[in-house]
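Architecture and fold: a report
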Amino acid sequence: MAKVTLEQVNVPLRTFDLDVSLTVDSTVALVGPSGAGKSTVLNAIAGLVKPASGRILCDHETWFDGRRRVFVRPEDRRVGLVFQDYALFPHLTVRQNIEYARRHAADEYLDRFKLRQLEGAKPGSLSGGERQRVALARALAREPEILLLDEPLAALDAHTKVDVRAELQQLLSGLELPTLLVTHDFEDAAALADRVSVIVEGRLRQTGTPGELVARPADPFVASFTGANLLHGRPHAHGDATGIHLEDGTLITTSDNGDGEVTLAVYPWDITISTTRPDDSAMNVIAGEITAIAELGNRARVTIGPVSAEITVDSLHRLGLHTGRHAYASFKATGTRIVASKGGTE
Amino acid sequence: MRRTIGYCLFVAVAVLTLAFLLLPIVGIFVHTSPGKLLGQLSNPVVKDAFVVTLKTSLIAQALILLFGTPTAYLLATRRFTGHSVAITLVELPLVLPPAVAGVGLLAALGRNGLLGSSLDAFGISLPFTQTAVTIAVAYVASPLYIRQAIASFEATDPHLTAASRTLGAGPVRTFFRVVLPLARGGLIAGLALSFARGLGEFGATIMFAGSLQRVTQTLPLAIYAEFDVNFDTTLAMSGVLILISALLLLTLRIALSWQRSPSSRSTSLLGLSTST
């Protein structure tokens with residue numbers, strides 16, 4: 001597998017500078033909030049944006065070198081870029097779109113991407129999932145050294161998304177092609193990528209496997225991005241980090257250590273919901289009215305006060321939960337993690 | 001109640017406006033029978049004027065297309081110092097009184113003009129030739145095409161050109177295979193407008209090229225010349241121009257609906273207010 005390396009690539013953006021060093025040698029996801037510079041990273045690799053400084057290498061070929069003034073034009077780099085809106089040529093048929101990348105390549109990809117019946121159709125008449133298949137086929141027909149996917153699932157509705165994600169997962173695992181995908185959804189990143197880099201305001205905050213990011217988030221941002229609930233509070237007594245007073249007075253026990261103002265991360269799947277107060281005194285309990293319930297497939301997110309719990313739709317119905325109902329969210333001390341402390345004595 | 005009165009007032013004003021716009025056209029066709037109109041078309045003055053108009057218009061539009069398209073693309077896709085000055089220059093002929101444009105062309109390209117003396121050295125004299133008609137028409141009509149072309153190019157999704165580049169097409173191939181086909185509708189609409197404007201050109205032409213039958217006398221100039229001589233001829237020529245204009249307007253409508261369907265971004269008629 002080829003390897004694409006970004007060395008201190010700097011691109012001045014409107015309010016901050018993008019400054020990224022990154023190696024793409026497997027499937028890597030770049031996650032972060034919108035406006036963090038994710039797409040700019042893709043554009044820099046594709047040659048659509050010229051960085052101010054740094055180096056971009058593809059194996060031993062230099063695509064960009066700020067100091068040596070090397071800039072390979074996008075048409076001379078072998079990059080398969082799939083745009084968020086797919087950017088299919090509206091005046092060309094599916095077949096012509098694929099052959100735009102490489103002549104006589106269509107037949108191979110039409111079958112592989114189940115597009116044979118649509119080969120004469122114009123992009124305007126295709127569904128979101130079909131468009132993405134055409135965009136992928138077109139990008140791969142280019143025979144790229146690296147595949148770049150910009151928010152591959154953002155343009156799809158929730159229903160198609162699940163299927164397309166599974167398709168994409170299967171495709172990427174069989175490709176043997178370094179892939180950099182950009183998403184604002186940690187769940188998508190975790191499902192598709194071997195490694196995840198969290199980017200905020202142009203800087204990488206943390207890189208690791210999805211499991212590592214969930215287990216050891218480097219800061220509150222990474223924690224909240226990986227889906228954790230963040231609770232802010234102060235240790236019960238000075239130096240005693242096992243008891244944390246939240247802003248509303250609730251006392252939370254944690255197995256982690258911290259000082260001063262601390263931020264605790266609790267993952268939704270570590271929280272259980274009940275309609276009566278749990279007997280177990282070792283549990284942390286947050287009581288209150290349910291303020292929101294969001295169903296996602298067979299799971300549901302239930303929000304009580306500052307936390308959201310993830311439970312199955314079955315238990316949602318079994319417990320007869322609805323917004324406005326009084327309920328208890330409980331979680332173990334070992335399920336909490338201090339991700340930031342400030343103003344402490346450390 | 002007050003709302004209905006207001007509404008009726010609006011309808012009345014609108015009907016009056018539309019009637020006002022239609023009135024001269026009705027006048028022309030009511031004044032003479034179709035047979036009489038057709039008979040006048042064999043009149044040599046009419047035939048000569050028609051040929052001169054067609055020839056100069058076609059050449060002028062070809063020149064506008066050839067020079068205007070790259071200019072418009074550059075202005076639409078690049079931002080450079082002096083960009084707004086360049087846009088103002090493109091729009092200048094639109095606001096310049098045609099007679100002034102004619103005087104200007106004469107002062108620049110006339111025998112004693114800015115460039116005229118150099119041209120004279122090569123034995124080229126432009127004023128009062130068919131070339132002068134073509135130049136006058138191109139000068140006056142060009143903004144209508146270039147403005148619409150800029151708007152069409154600006155409406156082309158930049159992701160599509162970027163995609164084309166990453167798929168291995170250089171800027172030139174991208175222009176011909178992606179940009180041009182997508183802007184096609186808008187470009188044809190602009191050309192139709194520019195053509196219509198060129199057909200009616202009067203002021204600049206009469207100043208710079210004069211009104212010589214079979215050489216520089218275009219239909220509008222012939223209409224003016226025949227006005228005192230034979231009013232029926234005038235009407236016939238007017239009828240011809242109306243028909244051509246109607247045809248151009250139809251082309252424009254069709255072309256614009258074309259433009260809209262693939263990229264779905266709106267392109268205003270005349271391209272006078274499109275911005276991205």
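About the criteria used
- Residues numbered from 1 in each chain as written.
- Chains lettered and ligands numbered in written order.
- Predicted model: local features only at pLDDT ≥ 70, side-chain atom pairs only at ≥ 80, totals over all residues.
- Helix = DSSP H or I, 4+ residues; strand = E, 2+ residues; numbered from the N terminus.
- Contact = placed C-beta atoms within 7 Å.
- Core = buried A, V, L, I, M, F, W, Y, C linked by C-beta atoms within 7 Å.
- Buried ≥ 20, exposed ≤ 12 C-beta atoms within 10 Å, placed from the backbone.
- Domains from an automatic or database assignment.
- Expected span 1.5 Å × (residues − 1).
- Nonpolar A, V, L, I, M, F, W, Y, C, P; charged D, E, K, R; others polar.
- Pairing = 2+ DSSP bridges.
- Axes fitted to C-alpha atoms, helices over the stretch in contact; angles between N-to-C directions.
- Parallel < 35°, antiparallel > 145°, perpendicular 65-115°, else oblique.
- Left-handed = near helix turned anticlockwise from the far one by under 90°.
- pLDDT = per-residue confidence, 0-100.

Looking only at helices and strands, one finds 12 helices and 0 strands in chain B. Taken along its principal axes, the extent of the C-alpha atoms in chain B is 75 × 65 × 35 Å. A sequence separation of at least 24 residues applies to 78% of the contacts in chain B between residues at least 6 apart.

Looking now at unusual backbone geometry. Residue and element names in this part refer to chain A. Positive phi, close to 45°, is recorded for glutamine 8, a residue that is not glycine. One can find glutamine 8 in strand β1 (residues 4–12). The phi dihedral of tyrosine 86 is positive, around 70°, even though this residue is not glycine. Within the element layout of this structure, tyrosine 86 appears in the loop between β7 (79–82) and α2 (94–101).

The tendency in soluble globular proteins is for nonpolar side chains to be buried side by side. Grouped together as the largest cluster of nonpolar side chains are 158 residues, with contacts concentrated most on Ile45(A), Leu148(A) and Ala136(B). Among the elements that line this core, the one with the most residues is helix α7 (residues 130–154) of chain B, at 16 residues. Mapping this core onto the domain boundaries places at least three of its residues in each of domain 1 (4–78 + 144–222) and domain 2 (228–342) of chain A. In contact with Ala136(B), other than residues within four places in its own chain, are Gly102(B), Leu105(B), Glu201(B), Ala204(B), Thr205(B), Phe208(B) and Ala209(B).

A few words on helix α4 (residues 128–141) of chain A. Residue and element names in this part refer to chain A. For α4, built from 14 residues, the straight-helix expectation of 20 Å at 1.5 Å per residue is met to within 8% by its first-to-last C-alpha distance of 20 Å. Counting buried positions along α4 gives 12 out of 14 residues, so the element sits mostly inside the fold. Those residues of α4 that are buried lie in contact with β7, α2, α3 (106–112), β8 (146–150) and α5 (158–175). With its phi angle positive at about 55°, glutamate 143 sits one or two positions after the end of α4.

In this section: the domain arrangement of chain A. All names here are of chain A. Domain annotation of chain A identifies domain 1 (4–78 + 144–222) and domain 2 (228–342). Computed from C-alpha atoms alone, the centre-to-centre distance between domain 1 and domain 2 is 33 Å. With 5 residues of domain 1 at the interface, the matching set in domain 2 holds 8 residues. Class assignment of the residues belonging to the side of domain 1 that touches domain 2 gives a composition of 4 nonpolar, no polar and 1 charged.

On to the sheet that holds strand β16 (residues 272–274) of chain A. All names here are of chain A. In spatial order, the strands read β16-β20-β17-β18-β19; together these 5 strands make up an open sheet with antiparallel pairing. Lying at the two open borders of the sheet, with one neighbouring strand each, are β16 and β19 (307–312). Direction aside, the axes of adjacent strands within the sheet are offset by 45° on average. Relative to strand β20 (residues 326–331), strand β17 (residues 284–296) runs antiparallel, the two sharing 6 bridges. Bridge pairing in β20 links alanine 287 to tyrosine 328.

Let us now look at the interface of chain A and chain B. If you look at the interface, chain A gives 16 residues, while chain B gives 15 residues. Only β7 and α2 of chain A provide two or more residues apiece to the side of chain A that touches chain B. A breakdown of the residues in the side of chain A that touches chain B according to their chemical character gives 11 nonpolar, 1 polar and 4 charged.

Attention now goes to the pairing of strand β5 (residues 61–65) of chain A. Residue and element names in this part refer to chain A. The pairing of strand β4 (residues 53–58) with β5 spans 4 bridges and is antiparallel. The residue bridging arginine 55 from the neighbouring strand is aspartate 65, located in β5. The hairpin turn running from β4 into β5, its antiparallel successor, is 2 residues long, and aspartate 59 in that turn takes a positive phi close to 50°. Here β5 pairs with strand β6 (residues 70–71) via 2 bridges, running antiparallel. Along β6, the bridge assignment pairs phenylalanine 64 with phenylalanine 71. Connecting the antiparallel pair β5 and β6 is a turn made up of 4 residues, with arginine 69 showing a positive phi of about 55°.

Turning next to the sheet that holds β4(A). Residue and element names in this part refer to chain A. Within the open sheet, the 5 strands sit side by side as β2-β1-β4-β5-β6. Their pairing is antiparallel. Taken across any chain shown, the strands that pair with only one partner, and hence form the sheet edges, are β2 (17–24) and β6. Across 5 bridges, β1 lies against β4 in antiparallel orientation. Bridging from a neighbouring strand, asparagine 10 pairs with serine 53 of β4. Across the face of the sheet, helix α1 (residues 38–46) comes into contact with β1, β2 and β4 while running at roughly 115° to β1.

Let us now look at the environment of Gly297(A). All names here are of chain A. For glycine 297, the location among the structural elements is in the loop between β17 and β18 (299–304). You can call glycine 297 exposed: it has 9 C-beta atoms within 10 Å. Taking the C-alpha atoms as reference, glycine 297 lies 28 Å from asparagine 284; in sequence the two are 13 residues apart.

The next point concerns the packing of helix α8 (residues 158–166) of chain B against helix α9 (residues 171–199) of chain B. Residue and element names in this part refer to chain B. Contact geometry of α8 with α9 gives a least axis separation of 10 Å together with a crossing angle of 140°. Taken together, the axes of α8 and α9 are oblique relative to one another. Crossing of α8 against α9: the hand is right-handed. For the pair α8 and α9, the contacting residues are Leu160, Thr161, Ser164 and Arg165 in the first and Thr174, Val178 and Val179 in the second.

Residues and elements named next belong to chain B. Two elements in contact, helix α3 (residues 44–77) and α7, have axes whose closest approach is 6 Å; the angle formed by their N-to-C orientations is 35°. Crossing angle aside, the handedness with which α3 passes α7 is right-handed. Grouping the constituent residues of the contact of α3 with α7 by class yields 18 nonpolar, 9 polar and 1 charged.

The next point concerns α2(A). A large share of α2(A) lies buried, amounting to 6 of its 8 residues. Tucked inside the fold, the buried residues of α2(A) contact α3 and α4 of chain A.

On to the confidence of the model for chain B. Predicted coordinates in areas of low pLDDT are best not read in detail. Residue and element names in this part refer to chain B. Across chain B, the average pLDDT comes to 88, with 93% of residues at or above 70. Per-element mean pLDDT across chain B ranges from 80 in helix α2 (residues 34–40) up to 96 in α7. Confidence drops under a pLDDT of 50 for residues 262–276, and excluding neighbours within four residues, the segment shows 29 contacts in the predicted structure. Overall fold confidence (pTM) sits at 0.79, and the ipTM for the predicted complex is 0.79.

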